[in-house]
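Here is how the chains run, residue by residue.
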Amino acid sequence: MSFNLRGAVLANVSGNSQQELEATIVDAISSGEEKMLPGLGVLFEVIWQHADSGEKQEMLSTLENGLKKG
């Protein structure tokens with residue numbers, strides 16, 4: 001049996017407002033549950049796919065700096 005996690009996540013948040021998306025992200029991070037990580041990955045994939053090269057560079061810098069502070 002195959003489960004399309006990407007499709008399920010996208011269907012779950014499709015049509016959500018910015019406030020609802022933020023609440024979803026904050027809840028997933030604050031819960032600390034490992035099962036939420038794939039969903040956050042799907043959301044990041046959407047962000048990455050729709051970002052221009054400058055936005056991607058900014059995200060990479062932010063990620064690099066965040067990992068340094070670890």
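Structure first, text after, so check above.
Just so you know, these numbers come straight off a predicted model, no measurement behind them.

Comments concerning the packing of aromatic side chains
Within this structure, the stated rule accounts for 1 aromatic pair. Taking 5.9 Å as the distance between ring centres and 35° as the angle between the ring planes, the aromatic pair formed by F44 and W48 counts as tilted. Here F44 pairs with W48, and both are found in helix 3 (residues 37–49), just 4 residues apart, close to one helical turn. Taking relative accessible area as the criterion, F44 reaches 40% and is therefore assigned partly exposed. A relative accessible area of 28% places W48 in the partly exposed class.

Concerning a nonpolar patch on the surface
The grouping of L60, L63 and L67 at the surface amounts to a nonpolar patch, some 310 Å² of accessible area in total. Mapped onto the elements of the fold, L60 is located in helix 4 (residues 53–69). For L60, a relative accessible area of 40% corresponds to the partly exposed category.

How each quantity is defined
Here, residues in each chain are numbered from 1, in the same order as that chain's written sequence. Restriction of local features to residues with pLDDT of at least 70 applies here, the model being predicted, together with a cutoff of 80 or more for giving and counting side-chain atom pairs; totals for whole chains, interfaces and linings are based on all residues. To obtain the side-chain values, all non-hydrogen atoms of the structure were used and water was disregarded. Aromatic contacts are taken between Phe, Tyr and Trp rings whose centres are within 6.5 Å, Trp giving its six-membered ring; a plane angle under 30 degrees counts as stacked, one over 60 as edge-to-face, and the others as tilted. Working definition: helices are DSSP H or I runs of at least four residues, strands are E runs of at least two. Numbering for both runs from the N terminus. When a residue's accessible area, from a 1.4 Å probe over protein chains only, is under 20% of the maximum for its type it is buried; when over 50% it is exposed; and in between it is partly exposed. The patch calculation keeps residues exceeding 30% relative accessible area without a salt bridge and links them within 9 Å when they carry like charges or within 5 Å when they are nonpolar (Val, Leu, Ile, Met, Phe, Trp, Tyr). For accessible areas, the Shrake-Rupley method is used with a probe of radius 1.4 Å. Any residue's cover is judged against the shown protein chains and nothing else. What counts as a salt bridge is simple: a side-chain nitrogen of Lys or Arg found within 4 Å of a carboxyl oxygen of Asp or Glu.

Keep in mind that these numbers describe shape and distance, not what the molecule does.
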